[in-house]
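Report on the structure
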Amino acid sequence: MAQSTIISNTANLQKYLQLPQKGKVIAEYVWIDGSNGIRSKSKPSQTLFKKVESLKDLPEWNFDGSSTLQAPGDNSDVYLRPVAYYPDPFRQGDNVLVMCETYMSDGKPNAYNYRHDAAIIFEKHAEHDFWFGLEQEYTLLDEFGWPYGWPKNGFPAPQGPYYCGVGTGKVFCRDIVEAHYKACMYADINISGTNAEVMPAQWEYQVGPCPDISLGDQLWMSRFLLHRVAEEFGAKVTFAPKPIPGDWNGAGLHTNVSTKETRADGGMKAIEAAMEKLATRQKEHMSVYGEDNQLRMTGKHETASYDKFTWGVANRGSSVRIPRSVAADNKGYFEDRRPASNADPYQITAIIAETMYGKADGADIAKFNEKAEEVEQEMIVPVAKP
Ligand code: ADP
Ligand code: MN
Ligand code: MN
Ligand code: MN
């Protein structure tokens with residue numbers, strides 16, 4: 001019997017992971033549930049006798065949406081439509097992880113499928129060639145829900161030595177961080193760095209720059225990988241924006257943004273134009289920048305006001321920071337510091353693109369649907385329609 005009830009026995013598992021798969025491929029379908037969480041299940045492999053070479057090799061599938069807060073019990077089938085796949089660092093070989101969108105039986109997107117609308121926006125604004133780089137902060141908790149490595153009934157010494165810290169007592173669970181980094185690399189997630197954060201047991205990694213909708217796909221998959229890796233070490237991952245009240249830093253999802261225009265010579269002008277637009281939609285942006293974000297955005301701990309939009313060069317207390325190097329080069333990207341660590345990257349990136357260059361109208365949606373239908377017709381297993 002496994003010794004711990006919460007830690008996977010990965011040492012014993014090794015033997016089984018080496019067993020040959022007799023030509024079959026395992027596809028782990030991953031999706032976002034109705035509580036901003038992640039679910040997954042693996043595809044019965046008899047349909048997958050070949051290496052996955054395109055999305056067309058991955059059939060549509062379904063699950064019980066009444067068990068994931070995504071559908072009522074009397075209409076519980078929710079459909080999984082693959083949108084991206086990655087090499088599986090756990091099973092390795094030809095096995096894959098599959099990011100999916102969720103749809104209802106009438107063909108409409110599930111209420112929690114924010115990717116659908118985001119994809120329309122990015123199709124509309126393809127000419128601007130958006131790139132996003134997100135800084136995902138998170139906190140590791142022990143089995144009792146207290147930050148990993150903190151004294152059982154108390155607090156560690158005040159913040160100061162922990163950010164980018166090195167050494168016992170300054171950082172906790174570097175093993176998880178390293179394992180996650182390598183797992184992301186193996187999965188072709190464009191992870192671009194990692195560091196220990198200001199609050200002990202809090203960490204950050206960056207994904208990007210990635211174009212358009214692919215940032216959301218990669219960031220969600222990186223979250224799946226983090227939860228999955230942490231399972232093997234018996235730690236819990238929380239993306240709560242203010243896990244510990246008081247003088248402990250919250251966790252954000254700084255969103256770095258550039259377009260063809262901001263990256264071109266003299267691109268500061270396009271950045272300034274973006275700032276003027278962002279300033280008019282503070283409320284709308286905050287409404288999709290994560291739950292409980294008001295607990296984090298207090299104006300303290302390197303955050304700005306929840307209600308008021310501000311921007312500045314090198315200012316970490318403003319809503320948007322223009323890195324000093326960007327101001328010096330007169331081109332580059334800006335950093336929206338408002339999103340909370342638990343925010344949905346599809347929603348963040350889509351509202352930024354929408355605010356900068358406009359909403360999708362009926363014609364955009366019709367064009368998008370037409371294209372989607374062509375793709376569906378080419379799939380091995382067609383998308384379910386009533
Ligand atoms: P910080 O100084 O805010 O901690 P980080 O180094 O953690 O910055 O993160 C910077 C992020 O900016 C990275 O995710 C990187 O991919 C992203 N980035 C860099 N250049 C661009 C660009 N031109 N467009 C979009 N994102 C970019
Ligand atoms: Mn950072
Ligand atoms: Mn950070
Ligand atoms: Mn940052």
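Because the structure is predicted, anything quoted here is derived from the model rather than measured.

Rules of the game
- Residues numbered from 1 in each chain as written.
- Chains lettered and ligands numbered in written order.
- Predicted model: local features only at pLDDT ≥ 70, side-chain atom pairs only at ≥ 80, totals over all residues.
- Heavy atoms only, no water.
- Donors = N, O, S within 2.8 Å, 3.2 Å for Na, K, Ca; no water.
- Buried < 20%, exposed > 50% of the residue type's maximum accessible area, 1.4 Å probe, protein only.
- Patch = residues over 30% accessible without salt bridge, like charges linked within 9 Å, V, L, I, M, F, W, Y side chains within 5 Å.
- Areas by Shrake-Rupley, 256 points an atom, 1.4 Å probe, with all protein chains shown as cover.
- Salt bridge = Lys/Arg side-chain N within 4 Å of Asp/Glu carboxyl O.
- Helix = DSSP H or I, 4+ residues; strand = E, 2+ residues; numbered from the N terminus.
- Axes fitted to C-alpha atoms, helices over the stretch in contact; angles between N-to-C directions.
- Parallel < 35°, antiparallel > 145°, perpendicular 65-115°, else oblique.
- Left-handed = near helix turned anticlockwise from the far one by under 90°.
- Contact = heavy atoms within 4.5 Å.
- Pairing = 2+ DSSP bridges.
- Near = heavy atom within 4 Å.
- Polar contact = N/O pair within 3.5 Å; in protein donor to acceptor, adjacent residues only side chain to side chain.
- 1 Å grid on protein atoms, 1.4 Å probe; cavity = no way out; pocket = protein on both sides within 12 Å on 5 of 7 lines; lining within 4 Å.
- Sits in = over half its atoms within 2 Å of the grid points.
- Nonpolar A, V, L, I, M, F, W, Y, C, P; charged D, E, K, R; others polar.
- Domains from an automatic or database assignment.
- Buried area = accessible area lost by both parts, 1.4 Å probe.
- Core = buried A, V, L, I, M, F, W, Y, C linked by side-chain atoms within 4.5 Å.

1. Some words on the coordination of the manganese ion (ligand 3)
- The manganese ion (ligand 3) binds to the protein through Glu137 (OE), Glu197 (OE) and Glu204 (OE); the donor distances cover 2.1 to 2.2 Å.
- Separation of the manganese ion (ligand 3) from the manganese ion (ligand 2) amounts to 4.0 Å, with glutamate 204 serving as a shared donor to the pair.
- For glutamate 204, a relative accessible area of 5% gives the class buried.

2. Considering a nonpolar patch on the surface
- On the surface, Leu13, Tyr16, Leu17 and Leu19 cluster together to form a nonpolar patch covering roughly 360 Å² of accessible area.
- Within the secondary structure, leucine 19 sits in the loop between helix H1 (10–17) and strand E1 (27–32).

3. A word on the packing of helix H4 (residues 214–231) against helix H10 (residues 345–357)
- Look at H4 against H10: their axes get within 8 Å of each other, and the N-to-C directions meet at 155°. By the criterion of interaxial angle, the relationship of H4 to H10 is roughly antiparallel. At the point where H4 passes H10, the crossing takes the right-handed sense. Counting all contacts with H4, which are made through Leu215, Gly216, Asp217, Leu219, Trp220 and Arg223, the residues of H10 involved are Pro345, Tyr346 and Thr349.

4. Brief notes about the pairing of E1
- Most of E1 sits inside the fold, with six of its six residues counted as buried.
- Along E1, one buried face is formed by Ala27, Tyr29 and Trp31 and the opposite face, lined by Glu28, Val30 and Ile32, is buried too.
- Bridge analysis of E1 against strand E5 (residues 96–103) gives four bridges, and the strand direction is parallel. If you follow alanine 27 over to E5, its bridge partner there is valine 96.
- Both E1 and strand E2 (residues 38–42) contribute to a ladder of five bridges, which runs antiparallel. Across the sheet, residue isoleucine 32 finds its bridge partner in E2, namely isoleucine 38.

5. Re the coordination of the manganese ion (ligand 4)
- On the protein side, the manganese ion (ligand 4) has Glu135 (OE), Glu135 (OE), His254 (ND1) and Glu335 (OE) as donor atoms, found 2.0 to 2.6 Å from it.
- Mapping the donors of the manganese ion (ligand 4) onto the primary sequence yields the spacing E-x118-H-x80-E.
- We classify glutamate 135 as buried; its relative accessible area is 15%.

6. Some words on the sheet that holds E1
- Reading across from one edge, E2-E1-E5-E4-E3 is the order of the five strands in this open sheet, with mixed pairing throughout. Here the strands that pair on one side only, and so sit at the sheet edges, are E2 and strand E3 (61–64). Recorded for the sheet is a direction-independent mean angle of 40° between the axes of neighbouring strands.

7. Focus: the site of ligand 1
- Around ligand 1 there are 14 residues in total, and Glu204, Gly208, Ser258, Arg321 and Glu335 lie nearest to it.
- Between glutamine 206 and ligand 1, the recorded distance is 3.1 Å, taken from a side-chain N or O atom to an oxygen atom.
- About the coverage of ligand 1: the protein hides 75% of its 580 Å² of free accessible area.
- The pocket occupied by ligand 1, as judged from atoms lying within 2 Å of grid points, is the second largest pocket.
- Elements that contribute at least two residues to the shell around ligand 1 include exactly strand E6 (131–141), strand E8 (202–211) and strand E10 (253–258).
- Ranked by residue count, the leading element in the shell around ligand 1 is E8, at four residues.
- Of the residues contributing to the shell around ligand 1, the split by class is three nonpolar, six polar and five charged.

8. Concerning the domain arrangement of the protein
- Taken domain by domain, the protein comprises domain 1 (23–112) and domain 2 (122–374).
- Each of domain 1 and domain 2 has a C-alpha centre, and these two points are 25 Å apart.
- Taken together, the contact between domain 1 and domain 2 spans 19 residues of the former and 18 residues of the latter.
- At the boundary of domain 1 with domain 2, total buried surface from both sides reaches about 1500 Å², with 76% on carbon and sulfur atoms.
- In terms of surface lost to domain 2, no three residues of domain 1 exceed Ile38, Tyr86 and Phe90, which account for 39% of the buried area on that side.
- Counting every contact that joins domain 1 to domain 2 gives zero salt bridges.
- Elements that contribute at least two residues to the side of domain 1 that touches domain 2 include exactly E1, E2, strand E4 (77–87) and E5.
- Looking at the side of domain 1 that touches domain 2 residue by residue, the class counts come to twelve nonpolar, five polar and two charged.

9. Structural notes on the nonpolar core
- The biggest cluster of nonpolar side chains holds 72 residues, and the ones touching the most others in it are Met99, Tyr138 and Phe334.
- By residue number, the principal contributor to this core is H4, which donates nine residues.
- When residues of this core are assigned to domains, at least three fall in each of domain 1 (23–112) and domain 2 (122–374).
- Counting residues in hydrophobic clusters, the runner-up holds 15 residues, among them Val25, Ala27, Val52 and Phe63.

10. Thoughts on unusual backbone geometry
- Between glycine 208 and proline 209 the backbone carries a cis peptide bond, its omega angle lying at -5°.
- Its place among the elements puts proline 209 in strand E8.
- The backbone of aspartate 188 shows a phi angle near 65°, a positive value even though the residue is not glycine.
- Structurally, aspartate 188 can be placed in the loop between helix H3 (174–186) and strand E7 (191–196).
- In the Ramachandran plot, glutamate 302 falls in the positive-phi region, its phi being about 60° despite a non-glycine side chain.

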